[in-house]
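A closer look at the structure
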Amino acid sequence: MVNKGLLLENATSSKMVGNEVHTAAASPGPWDITCSVRNHVSDSKTRTNVICPVPLSDPVLEASCLNNGSLSISCSVENGTDTIFFLNVNGTLLSTNLTFYLLVPLSDPVLNVSCHNDRTLAISCSVENGTDPTFSLSVNEELILKNVSTESKRVNVTVSVSESWDVHCSVRNNLGEKNTSKSYKTCPAPVSPPLLNITCLSNGSTMITCSVLSGTNPKFQLTVNGSILTPYNTSSSCCGFNYIMSPGGTWNITCSVRNELGEYTSSNSSHSSCGECEIFVVII
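Residues numbered from 1 in each chain as written. Predicted model: local features only at pLDDT ≥ 70, side-chain atom pairs only at ≥ 80, totals over all residues. Heavy atoms only, no water.

An unreviewed UniProt entry lists the protein under the name Ig-like domain-containing protein, with Eleutherodactylus coqui given as the organism.

Below, the structure written as structure tokens:
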């Protein structure tokens, strides 16, 4: 470089100011610059590297929820040099490029208990919402499950009980704990086959007795010659009922019994008479 001349690639302008040369460039660099100066008695040279800062573009902020319940946050710029990011979440200053776990409170647990025909308990405890729930389950104060976690946010067990039962379900995560309980006197027992007994009374009428040896809350239905005389919703005693019929012709009698576990079905027929009565009995 000499006196009033300056050669610089991409230079946009240059000018002399006293004993100095000034120039401007269109791009931020990096620049490797050498400046030499001489006169008739001496010459000198110096060298430097320069990167001009690029102005920042507008930041782009993105946030998304991951499958495991965590929250992923990204903040970026398209242009700019020497960028320093500051991220503030709920008033807390965080570092950059951070993925942090967002805890979700537990919803109220739902406890379902049902009885099988063999009088065992089917127990299900679940929550609809909540991060990393763990379940503990007890029956009659006996711990069945302790701190069990599942992806479905539900636990299922089957236990045998002989008398009354009390089920307690506890669900917890890092934000707290919630509980629920259910009690029941006993599981219902299926009904045994109905017993149909025909007794002739002194006045010639017939007493029909239908009963069961076992079963919880049995409901009886008596049908005579195709007509229902006592429907299932008729209130009856624990184990059976009596029905008196006046003398008549030939009768076809059916007795059925059911409860919430189902209906017992079997058949048998016999012939009996009380005086002028001709009775045909069918047990279902």
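1. Some thoughts on the overall build of the protein
Condition: Counting from the N terminus, the helices are the DSSP runs of H or I reaching at least four residues and the strands are the DSSP runs of E reaching at least two. Using a 1.4 Å probe on the protein chains alone, a residue whose accessible area is under 20% of its type maximum counts as buried, one over 50% counts as exposed, and one in between counts as partly exposed. By the convention used here, residues are in contact when the closest approach between their heavy atoms is within 4.5 Å. What sets the accessible areas is the Shrake-Rupley method with a 1.4 Å probe; for residues, cover comes only from the shown protein chains.
Across its full length, the protein carries zero helices and 25 strands. Here the protein holds 284 residues, and 27% of them are scored as buried. Restricting to contacts in the protein with at least 6 residues of sequence separation, those with at least 24 account for 51%. For the protein, the exposed surface amounts to about 18,500 Å²; the carbon and sulfur share of it is 50%.

2. Describing the sheet that holds strand E18 (residues 206-211)
Basically, it comes down to this: Two strands make a pair as long as DSSP finds a minimum of two bridges between them. Only C-alpha atoms enter the line fits that serve as axes; for helices the fit covers just the stretch in contact. Angles between N-to-C directions range over 0 to 180 degrees.
Within the open sheet, the three strands sit side by side as E17-E18-E21. Their pairing is antiparallel. If you trace the sheet from one side to the other, it starts and ends with strand E17 (195-200) and strand E21 (240-245), each paired once. Averaged over all pairs of adjacent strands, the angle between strand axes in this sheet comes to 20°, irrespective of strand direction. Relative to E21, E18 is paired through six bridges, and the arrangement is antiparallel. Bridge pairing in E21 links Cys-210 to Phe-241.

3. Points about a nonpolar patch on the surface
Applicable threshold: Patch criteria: residues need more than 30% relative accessible area and no salt bridge. Like-charged residues are merged within 9 Å; nonpolar side chains of Val, Leu, Ile, Met, Phe, Trp and Tyr are merged within 5 Å. Put simply, a salt bridge is a Lys or Arg side-chain nitrogen that is within 4 Å of an Asp or Glu carboxyl oxygen.
There is a patch of nonpolar side chains on the surface, built from Ile-84, Phe-86 and Leu-93 and spanning about 400 Å² of accessible area. Mapping Ile-84 onto the fold places it in the loop between strand E6 (70-76) and strand E7 (87-89).

4. What about the pairing of E17?
Working note: regular strand, side chains alternate between the two faces of the sheet. Sheet topology places E17 next to E18; six bridges connect them, and they run antiparallel. From the neighbouring strand, Ile-198 faces E18, where its bridge partner is Ile-208. The antiparallel pairing of E17 with E18 creates a hairpin that spans five residues between the two strands, and Gly-204 there sits at a positive phi of about 90°.

5. Remarks on the state of the cysteines
Rule in force here: Two cysteine sulfur atoms make up a disulfide if the distance between them is within 2.5 Å.
Evaluated as defined, the whole model comprises two disulfides. One disulfide bridge connects Cys-125 with Cys-169, the sulfur atoms lying 1.9 Å from each other. Taking the sign of the torsion about the S-S bond as the criterion, the disulfide between Cys-125 and Cys-169, at about -90°, is left-handed. Pair noted here: Cys-125 is in strand E11 (residues 120-126) and Cys-169 is in strand E15 (residues 165-173), with a separation of 44 residues, a long-range link. Residues Cys-125 and Cys-169 agree in their burial class; the two are buried. In this model Cys-210 forms its disulfide with Cys-255; the gap between the sulfur atoms is 1.7 Å. Judged by the torsion about the S-S bond (-90°), the Cys-210/Cys-255 disulfide is left-handed. With a gap of 45 residues between them, Cys-210 in strand E18 and Cys-255 in strand E22 (residues 250-259) connect regions that are remote in the sequence. Accessibility classification places Cys-210 together with Cys-255 in one group, the buried group.

6. A word on the sheet that holds strand E12 (residues 134-139)
The strand order across the open sheet built from four strands is E13-E12-E15-E16, with neighbouring strands paired in antiparallel fashion. With one partner strand each, in any of the chains shown, strand E13 (142-148) and strand E16 (176-184) form the two edges of the open sheet. When strand polarity is set aside, the average angle formed by the axes of neighbouring strands in this sheet is 10°. Across six bridges, E12 lies against E15 in antiparallel orientation. Within the sheet, the bridge partner assigned to Ser-136 lies in E15 and is Ser-170.

7. As for the nonpolar core
Rules: Joining through side-chain atoms within 4.5 Å is the link that ties buried Ala, Val, Leu, Ile, Met, Phe, Trp, Tyr and Cys residues into a set, and such a set is a nonpolar core.
With 19 residues, the main nonpolar core has Leu-121, Ile-123 and Val-167 as its most contacted residues. Those elements giving two or more residues to this core turn out to be E11, E12, strand E14 (154-160) and E15. With four residues, the single largest contributor to this core is E15. In contact with Leu-121, other than residues within four places in its own chain, are Val-113, Ser-114, Cys-115, Val-157, Thr-158, Val-159, Val-161, Trp-165, Val-167 and Cys-187. Within the second largest apolar cluster, 15 residues are counted, among which are Ile-198, Phe-241, Trp-251 and Val-257.

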